[in-house]
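Residues per chain, in single letters:
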Amino acid sequence: MVLASVANQSVMPDFVVIADDGSDERTNGLIGSWKNYLPLKHIWQPDTEFRAARARNLASLKSDAEHLVFIDGDCLLPLSFIDNHRKLIRPGLAIAGSRYLLNRRRSLNLVNGSEKISGTLFSHPKFMNIPLGILRDARPRAWGTFRSCNFGVMSTDFFANRGFDEAYVGWGREDSDLIVRMLNLGLVIRSGRFATCVLHLDHPTHDRQTLQKNNNQLSRVISDASISRPRATSLGEL
């Protein structure tokens, strides 16, 4: 469903990189069935722990684009999603996209095929295209609005920040760490509300037993403005 929503974009991305944290051959087979419809690239790492930060870093290395847009594997895109991200992005900016949480019933209907992807899924006011003008830049350091399920950044800015800190293992806070370090490097946040909203499918939550550890790590980053680079990264010296 995610790939179908990408293939239906009014402006197509140059390519799509799938960051795969340990899926089995079923995912590889699905990707193969879509290669005639989308320009796909695929990175895979063994499933040892929840290592979303490392998977995203590896995927970013597969890209030679000037502009990166990150979404999660449970998010469907409205027609103008990529086009609007491209219109909003500039060097020195991080685009904080929004999300609309679909309820459990309709999410299950989509997964089991009793409901098809259609325009009615994107009828909520969050999916309206509204030119907010200077209001998009009204909260340039509101890092709490930034989520890895939907953000855009110039690749030079992402690599200057050396990507996600791979010390975040387990669910949570690697995206907050990323944006705090970006702000420390001088980037600012531009709101993607009413332009770049995604439809977030309902699903069981991940195990969050590592959340307190990750919260503690993030607190150290926030309290020490001198921390601008992660301690561990697959991006090497980029």
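The coordinates are above.
Below, the structure is looked at part by part. (Residues numbered from 1 in each chain as written. Predicted model: local features only at pLDDT ≥ 70, side-chain atom pairs only at ≥ 80, totals over all residues. Heavy atoms only, no water.)

1. Here's the deal with the sheet that holds strand β3 (residues 67-71)
- The mixed open sheet is built from four strands, whose spatial order is β3-β7-β5-β8. Lying at the two open borders of the sheet, with one neighbouring strand each, are β3 and β8 (188-191). Across the sheet, the mean angle from the axis of one strand to that of its neighbour is 25 degrees, orientation sign disregarded.
- Pairing of β3 with strand β7 (residues 150-154) involves five bridges; the strand directions are antiparallel. In the strand pairing of β7, I71 is matched with N150.
- Each of β5 (93-96), β7 and β8 touches helix α7 (residues 174-184); the most contacted strand, β8, lies at about 120 degrees to it. (Pairing = 2+ DSSP bridges. Helix = DSSP H or I, 4+ residues; strand = E, 2+ residues; numbered from the N terminus. Axes fitted to C-alpha atoms, helices over the stretch in contact; angles between N-to-C directions. Contact = heavy atoms within 4.5 Å.)

2. Considering the pattern of salt bridges
- Applying the stated rule across the entire model yields nine salt bridges.
- In this structure, the salt-bridge partner of R56 is D72, at a minimum N-O distance of 3.4 Å. Placement of the pair is R56 in helix α3 (residues 52-61) and D72 in the loop between β3 and β4 (75-76), with a sequence separation of 16 residues. (Salt bridge = Lys/Arg side-chain N within 4 Å of Asp/Glu carboxyl O.)

3. Points about unusual backbone geometry
- One non-glycine residue with positive phi stands out, namely R162, at about 60 degrees.
- Turning to its location among the elements, R162 is positioned in the loop between α6 (155-160) and α7.
- Even without being a glycine, F194 presents a positive backbone phi close to 55 degrees.
- Checked against the element boundaries, F194 lands in the loop between β8 and β9 (198-200).
- By relative accessible area, F194 is classed as partly exposed at 29%. (Buried < 20%, exposed > 50% of the residue type's maximum accessible area, 1.4 Å probe, protein only.)

4. Topic: the side chain of S5
- Here S5 lies in helix α1 (residues 2-7).
- Taking the relative accessible area as the measure of exposure, S5 reaches 5% and is therefore buried.
- Among the polar contacts listed, one links the side chain of S5 to the backbone nitrogen of L77, at a separation of 3.1 Å. (Polar contact = N/O pair within 3.5 Å; in protein donor to acceptor, adjacent residues only side chain to side chain.)

5. Some points on the pairing of strand β2 (residues 40-45)
- Relative to β2, strand β1 (residues 16-21) runs parallel, the two being bridged by six bridges. If you follow A19 over to β2, its bridge partner there is I43.
- For the crossover from β1 across helix α2 (residues 25-34) to β2, the handedness is right-handed. (Right-handed = clockwise from strand over helix to strand, strands pointing away.)

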